[in-house]
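One letter stands for each residue in the lines below.
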Amino acid sequence: MTIGRPGKQRDILWMAVAALLMTPANARASQSQEDADRLAAAQNSGQVAQREALETARVAKRATASAVTHAIDRATTQFIASLEASVTSRVADRVASRIEERVEQKIDQDQESREREQEARERAEEKREREQEARERAQEKIERLQELYDDGREDLDDDRYDRAAEKFQQLADMNGPQTDAALYWKAYAENRLGKRDTALATIADMKRRFPQSRWQKDATALEIEVKQSTGQAVKPADQSDEELKMLAIQGLMSSDPERTLPLLEKVINGSGSPKEKSKALFVLAQSGSAQAREILGRIARGQTNSDLQRKAVEYLGLFGGSEARKTLAEVYASSSDASVKHAILRSYMIGGDHERLFAAAKSEKDESLRREAIRQLGLVHGTSELEQLYKAESSTDLRREILQAFFLAGDSGRLVKAAQGEKDADLRRAAIRNLGLIHSEDSGKALQEIYAKETDHALKAEVLNAYFLQGNAKALVAIARNEKDPELKKTAVSKLSLMHSKEGNDYLMELLQK
């Protein structure tokens, strides 16, 4: 069935109705049947048209609804897409903002971390400096005490007993590690001055305060001598008897050692002067006999006072062989006296014992002893051992000590290597300074290369100081002529003004004439 356009069908229907109304009644009557038929047909036709129109409307409605639906779907899709884009954009902006915030936070955290690390390094450096200063002060105190003790012993050797008594009293008042020895020698000096009661009081004080001291035996022998004396002052001239005794003992040593060795032991264990005991120990060490080495070994192990022990250690290093060094190693392992251990390390140096010095430098817990071992390795030219120590050592202070030992060994090559390649600026300065202490053409050339390549102002100034230590006026003049940095140029000229060399003075005159 063909469905027409509903608007056109309605127009036709209404035109038929209008025509009928305009027709006369007679005509209308005659044609009523015909018209009725036509009307019925028209009605039928109109109904069909209406149905077709209704169907068409329905189809149009459905089409419209479909179009609307499609339009809504498209709009919805576009809206959703637009919304998604908007949301995505906002999310992206928010994410970007958060990332930026996190990056800024990370930068701030990194900066804070670097600042904290820098502060920690500065605090650690300050702590190291304070500890180093404390060690230096302690070492200075030990050195002052030892110097005062040595001065007092020297006064005793020169029969200046009044001065010796004053110095040992001062040392005792300082309450240092040599206090017991100082009291003994003070009593000894007082006895030589004829002050018997004062000497006995000093001995009693020493015994009371230091009941475990190794000077107890010496103090007892001195006390017996003082009590047996007549109370008359002993004049310095009377001491010639001691020298005569030692000459007699030394003369008998080569011909009759069996009789002489007990006499030497008696002198060593008696109340004689430091000079007399030292000479007796020296004669004993020169003997070379098995019995003499045994006596010397007992003294080195600490069976007498610490002064004689250190002397015995020294003489074992001078006159002993492999057996003596073995004895020294045993004493080193068993002793808790740092001064004795220092003396043993020096004896290792005298005997050229690289192995034991290297072992002490590696494993000794006492830092002062490690430093001593390192220095002695330098003196025996143990450069390969020092290089191993330098590579393995983490302490800046000890690495600086090793650089000093390279100087003692005269090894400019390893100092140059440290001056050019060491990352620690303080160690580089130490290497440059030690190069300045080596007066050689090679060290001068090395300093020239370092100065030419160096960019650190402080290190360049250290090179100038090294040239000054070398007395290298020629190098300083060359730098003063060509240096563009006014401060470095001024430093070079200042060094030249102190050297009083012809080349330096000529350059200074040249400056004045400009």
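What counts and how
Residues numbered from 1 in each chain as written. Predicted model: local features only at pLDDT ≥ 70, side-chain atom pairs only at ≥ 80, totals over all residues. Heavy atoms only, no water. Helix = DSSP H or I, 4+ residues; strand = E, 2+ residues; numbered from the N terminus. Buried < 20%, exposed > 50% of the residue type's maximum accessible area, 1.4 Å probe, protein only. Contact = heavy atoms within 4.5 Å. Areas by Shrake-Rupley, 256 points an atom, 1.4 Å probe, with all protein chains shown as cover. Salt bridge = Lys/Arg side-chain N within 4 Å of Asp/Glu carboxyl O. Axes fitted to C-alpha atoms, helices over the stretch in contact; angles between N-to-C directions. Parallel < 35°, antiparallel > 145°, perpendicular 65-115°, else oblique. Left-handed = near helix turned anticlockwise from the far one by under 90°. Nonpolar A, V, L, I, M, F, W, Y, C, P; charged D, E, K, R; others polar. pLDDT = per-residue confidence, 0-100. Phe/Tyr/Trp six-rings, centres within 6.5 Å; stacked < 30°, edge-to-face > 60°. Lys NZ or Arg CZ within 6 Å of the ring centre and 35° of its normal. Core = buried A, V, L, I, M, F, W, Y, C linked by side-chain atoms within 4.5 Å. Expected span 1.5 Å × (residues − 1). Patch = residues over 30% accessible without salt bridge, like charges linked within 9 Å, V, L, I, M, F, W, Y side chains within 5 Å. Lys, Arg positive; Asp, Glu negative; His and termini not counted. Charge placed at Lys NZ, Arg CZ, Asp CG, Glu CD. Arc of directions from axis to C-beta.

## Structural notes on the overall build of the protein
Then step 1. If you tally the helices and strands in the protein, you get 25 helices and zero strands.
Then step 2. The burial tally for the protein puts 36% of its 514 residues in the buried class.
Then step 3. The contacts of the protein with a sequence gap of at least 6 include a subset with a gap of at least 24, amounting to 58%.
Then step 4. With the model as given, the accessible surface of the protein reaches about 30400 Å², and the carbon-plus-sulfur share is 52%.

## Some words on the environment of Ser 271
Then step 1. Here Ser 271 shows up in the loop between helix 9 (257-269) and helix 10 (274-287).
Then step 2. Through-space distance from the C-alpha of Ser 271 to that of Glu 225 is 7.5 Å; in sequence the pair is 46 residues apart.
Then step 3. If we skip the residues at most four places from it in the chain, Ser 271 touches Tyr 184, Tyr 188, Arg 192, Ala 221, Leu 222, Glu 225 and Lys 277.

## Things to note about the pattern of salt bridges
Then step 1. Taken as a whole and assessed by the stated rule, the structure comprises 37 salt bridges.
Then step 2. Lys 277 is paired through a salt bridge with Asp 218; the nearest N and O atoms lie 2.9 Å apart. Residue Lys 277 is found in helix 10, and its partner Asp 218 is found in helix 7 (residues 216-228); the two are separated by 59 residues along the sequence. Across the pair, Asp 218 and Lys 277 agree in class, each one buried.
Then step 3. Several salt bridges converge on common partners, so that one network encompasses Arg 346, Glu 367, Arg 371, Glu 372, Arg 375 and Glu 401.

## Digging into the packing of helix 15 (residues 354-363) against helix 17 (residues 383-392)
Then step 1. Running from N to C, helix 15 and helix 17 point in directions that differ by 15 degrees, and their axes come no closer than 10 Å. Overall, the two elements helix 15 and helix 17 adopt an arrangement that is roughly parallel. Handedness of the crossing formed by helix 15 with helix 17: right-handed. Packed against helix 15, whose contacting residues are His 354, Phe 358, Ala 361 and Lys 362, the element helix 17 presents Glu 385, Gln 388 and Leu 389 at the interface.
Then step 2. Looking at the contact of helix 15 with helix 17 residue by residue, the classes come out as three nonpolar, two polar and two charged.

## Details of the confidence of the model for the protein
Then step 1. Residues with a pLDDT of 70 or more make up 77% of the protein, whose mean pLDDT is 80.
Then step 2. In the predicted structure, residues 16-21 sits below a pLDDT of 50 and forms three contacts with residues beyond four places in sequence or in another chain.
Then step 3. Note that residues 232-240 has pLDDT below 50 and, in this model, eight contacts with residues that lie over four places away or in other chains.

## A short note on the packing of aromatic side chains
Then step 1. Scanning all chains against the criterion turns up eight aromatic pairs.
Then step 2. On the numbers, 5.5 Å between centres and 80 degrees between planes, the contact of Trp 185 with Tyr 188 is edge-to-face. Taken together, the positions of Trp 185 and Tyr 188, both in helix 5 (residues 179-192) and three residues apart, correspond to about one turn of that helix.
Then step 3. The exposure class assigned to Trp 185 is buried, which follows from its relative accessible area of 2%.
Then step 4. Under the relative-accessibility criterion, Tyr 188 is labelled buried at 1%.
Then step 5. On the numbers, 5.6 Å between centres and 70 degrees between planes, the contact of Phe 282 with Phe 319 is edge-to-face. A residue pair is termed long-range when its members are at least 10 positions apart, and Phe 282 in helix 10 and Phe 319 in helix 12 (residues 306-319) qualify at 37 residues.
Then step 6. Each member of the aromatic cluster is reached from another via a ring pair, and the members are Tyr 184, Trp 185, Tyr 188 and Trp 215.
Then step 7. Note that Lys 460 overlies the ring of Tyr 451, its terminal NZ or CZ placed 3.9 Å from the centroid.

## Some details on the nonpolar core
Then step 1. One finds Leu 281, Leu 284 and Leu 403 to be the most contacted residues of the largest nonpolar core, which totals 75 residues.
Then step 2. Looking at this core element by element, the count peaks at six residues for helix 23 (residues 473-482).
Then step 3. Here Leu 403 is in contact with Tyr 390, Leu 415, Ala 418, Leu 427, Ala 430, Ala 431 and Asn 434, once residues within four sequence places are set aside.
Then step 4. Listed in part, the 24 residues of the second largest apolar core include Tyr 149, Ala 165, Leu 183 and Leu 222.

## Some remarks on the environment of Arg 433
Then step 1. Its place among the elements puts Arg 433 in helix 20 (residues 425-437).
Then step 2. Judged by its relative accessible area of 33%, Arg 433 falls in the partly exposed class.
Then step 3. Once the C-alpha coordinates of Arg 433 and Leu 415 are considered, the two residues, 18 residues apart in sequence, prove to be 9.5 Å apart.
Then step 4. Among all residues touching Arg 433, those that are not within four sequence positions of it are Glu 462 and Leu 469.

## Regarding helix 16 (residues 367-379)
Because an α-helix packs 3.6 residues into every turn, residues spaced three or four apart end up facing the same way.
Then step 1. Its 13 residues give helix 16 an end-to-end C-alpha distance of 19 Å, which sits within 8% of 18 Å, the value for a rise of 1.5 Å per residue.
Then step 2. Among the residues making up helix 16, those that are buried are Leu 369, Arg 370, Arg 371, Glu 372, Ala 373, Ile 374, Gln 376, Leu 377 and Gly 378.
Then step 3. Just past helix 16, the residue His 381 takes up positive phi, approximately 60 degrees.

## What about unusual backbone geometry?
Then step 1. In the Ramachandran plot, Asn 175 falls in the positive-phi region, its phi being about 55 degrees despite a non-glycine side chain.
Then step 2. Locating Asn 175 in the fold gives a position in the loop between helix 4 (161-173) and helix 5.
Then step 3. Non-glycine residue His 381 carries a positive phi angle of around 60 degrees.
Then step 4. Counting through the fold element by element, His 381 comes out in the loop between helix 16 and helix 17.

## Here's the deal with a positive patch on the surface
Then step 1. Residues Arg 90, Arg 94, Arg 98 and Arg 102 make up a contiguous surface patch of positive charge.
Then step 2. By the secondary structure assignment, Arg 98 is in helix 3 (residues 32-157).

## Re the side chain of Ser 278
Then step 1. Structurally, Ser 278 can be placed in helix 10.
Then step 2. Accessibility expressed as a relative area gives 17% for Ser 278, which makes it buried.
Then step 3. Those residues in contact with Ser 278 that sit more than four places away from it in its chain are Lys 311 and Tyr 315.

## Focus on helix 6 (residues 196-209)
Then step 1. Over its 14 residues, helix 6 runs 20 Å from end to end, which matches the ideal 20 Å to within 8%, given 1.5 Å per residue.
Then step 2. All buried positions along helix 6 are accounted for by Ala 199, Thr 202, Ile 203 and Met 206. Burial along helix 6 is one-sided: seen end-on, the buried residues are contained in an arc of 100 degrees. Along helix 6, exposed side chains directed more than 90 degrees from the buried face belong to Asp 197 and Arg 208.
Then step 3. If you follow the buried residues of helix 6, they end up packed against helix 5 and helix 7.

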